[in-house]
Amino acid sequence: MLREIASNEIFTVLLIIGLAILAIVKLTAPKRFDDFIFVIGNSKYLKIYSRDQKFLDKFDALLFGNLIITSSVFAYILFQFFTETKEISINTLFKIGVGIAAFILIKVLIERLIGSLFELDSLMDTYLFQKISYKNFLGVLLLPINAFLLYSLELTLPIIYIMLIILLIVNIIGLITSFKTHQSLIKRHFFYFILYLCALEIAPYVILYKVFLT
């Protein structure tokens, strides 16, 4: 009896592209990249580079590209596990990548629009820079996680939960750091902060969860 062996070639190519992106970022901005790698637990990167941020930043754009690639691979690994699918559909993988990119970009644009409407452009720019930096860090973190899930570990439900908890902790650390930076402003406008938290930080993910369940 022949045993069907699933090929991970497309995942390998995408992980290599992710590594190549990180190599380009490291070569073009070595000092900034070194500071970025230690962004968790160290606000040095956020304090220094938030002052020099641009609307279109090559450093962040490259890391965002890596984030889309690695998060798409991770999402597809979960999709394969829960649907027990062996074959890799490039079309489905592409749709996942486009969906993740569209979700993040639309959310950022809405937050920028709200900042402009309430004349909080400077504050919103700083806050979004912090959020994007932590999301890009998640993209870097997903590279080794994806490699372990694909080539080393046998995928089980407890392992998936552990990986999701790690990613959730990093995301929560990012949010807490951002909120601590603006805690005096949050205290003065606590009602609007809760409104923002529910509308733009919780509701979109609840909607996504409901969509995937149906």
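Presented here is an overview of the structure given in this document.

### Overview of the packing of aromatic side chains
Then step 1. Counted according to the given criterion, the structure contains ten aromatic pairs.
Then step 2. Taking the centre distance of 5.8 Å and the plane angle of 20° together, the rings of Y45 and F129 count as stacked. Residue Y45 is located in helix α3 (residues 44-49), and its partner F129 is located in helix α6 (residues 121-151); the two are separated by 84 residues in the primary sequence.
Then step 3. A relative accessible area of 4% places F129 in the buried class.
Then step 4. A centroid spacing of 5.2 Å and a plane angle of 85° characterise the contact between F81 and F82, whose relative ring orientation is edge-to-face.

### With respect to the nonpolar core
Then step 1. Formed by 37 residues in total, the largest nonpolar core has its most connected members in F36, Y45, F59, L63, F74, I145 and L149.
Then step 2. For this core, the secondary structure elements donating two or more residues are α1 (9-28), α2 (30-37), α3, α4 (58-83), α6 and α7 (157-181).
Then step 3. Residues contacting L149, with those up to four places away along its chain left out, are F74, I77, L155, I159 and M163.
Then step 4. By size, the runner-up hydrophobic cluster in this structure holds 14 residues, among which are L67, I68, A101 and I104.

### Some details on the pattern of salt bridges
Then step 1. Counted under the stated rule, the structure contains six salt bridges.
Then step 2. A salt bridge links D57 to R32; its shortest N-O distance comes to 3.3 Å. Taken together, the residues D57 in the loop between α3 and α4 and R32 in helix α2 connect sequence positions 25 residues apart. Note on accessibility: D57 and R32 belong to one class, buried.
Then step 3. When salt bridges with common partners are traced through the structure, they connect R32, D57 and D60 into a single cluster.

### Describing the packing of α4 against helix α5 (residues 90-117)
Then step 1. Two elements in contact, α4 and α5, have axes whose closest approach is 9 Å; the angle formed by their N-to-C orientations is 125°. Put simply, α4 runs oblique to α5. α5 is crossed by α4, and the crossing has right-handed handedness. For the pair formed by α4 and α5, the contact residues are F64, L67, I68, S71, S72, V73, A75, Y76 and F79 on the first element and T92, L93, I96, G97, I100, A101, I104 and L105 on the second.
Then step 2. Residues that form the contact of α4 with α5 fall into these classes: 13 nonpolar, four polar and no charged.

### With respect to empty space enclosed by the protein
Then step 1. For the structure shown, the criterion picks out one cavity of 30 Å³ or more.
Then step 2. Its volume calculated, the largest cavity comes out at about 50 Å³.
Then step 3. Contributing to the lining of the largest cavity are K131, Y134, K135, N171, G174, L175 and S178.
Then step 4. If you list the elements that add at least two residues to the lining of the largest cavity, you get α6 and α7.
Then step 5. With four residues, the single largest contributor to the lining of the largest cavity is α7.
Then step 6. Taken together, the residues that form the lining of the largest cavity break down as two nonpolar, three polar and two charged.

### As for α4
Residue pairs three or four apart in sequence face the same way in an α-helix, which turns once every 3.6 residues.
Then step 1. With 26 residues, α4 should reach 38 Å at 1.5 Å per residue; the first-to-last C-alpha distance of 37 Å fits that figure.
Then step 2. Immediately beyond the C-terminal end of α4, within one or two residues, lies E84, with a positive phi of roughly 55°.

### A closer look at the environment of F64
Then step 1. Considering the arrangement of structural elements, one finds F64 in helix α4.
Then step 2. By relative accessible area, F64 is classed as buried at 19%.
Then step 3. On a C-alpha basis, the gap between F64 and I132 in space is 8.2 Å, while along the polypeptide they are 68 residues apart.
Then step 4. Discounting residues that sit within four places of it in the chain, F64 has contacts with A101, I104, L105 and N136.

### Things to note about unusual backbone geometry
Then step 1. With a phi angle near 55°, E84 is a residue other than glycine that sits in the positive phi range.
Then step 2. Checked against the element boundaries, E84 lands in the loop between α4 and α5.
Then step 3. Accessibility expressed as a relative area gives 69% for E84, which makes it exposed.

Basis of the calculations
- Residues numbered from 1 in each chain as written.
- Predicted model: local features only at pLDDT ≥ 70, side-chain atom pairs only at ≥ 80, totals over all residues.
- Heavy atoms only, no water.
- Phe/Tyr/Trp six-rings, centres within 6.5 Å; stacked < 30°, edge-to-face > 60°.
- Helix = DSSP H or I, 4+ residues; strand = E, 2+ residues; numbered from the N terminus.
- Buried < 20%, exposed > 50% of the residue type's maximum accessible area, 1.4 Å probe, protein only.
- Core = buried A, V, L, I, M, F, W, Y, C linked by side-chain atoms within 4.5 Å.
- Contact = heavy atoms within 4.5 Å.
- Salt bridge = Lys/Arg side-chain N within 4 Å of Asp/Glu carboxyl O.
- Axes fitted to C-alpha atoms, helices over the stretch in contact; angles between N-to-C directions.
- Parallel < 35°, antiparallel > 145°, perpendicular 65-115°, else oblique.
- Left-handed = near helix turned anticlockwise from the far one by under 90°.
- Nonpolar A, V, L, I, M, F, W, Y, C, P; charged D, E, K, R; others polar.
- 1 Å grid on protein atoms, 1.4 Å probe; cavity = no way out; pocket = protein on both sides within 12 Å on 5 of 7 lines; lining within 4 Å.
- Points joined across faces, edges and corners; volume = space filled by probe spheres on them.
- Expected span 1.5 Å × (residues − 1).

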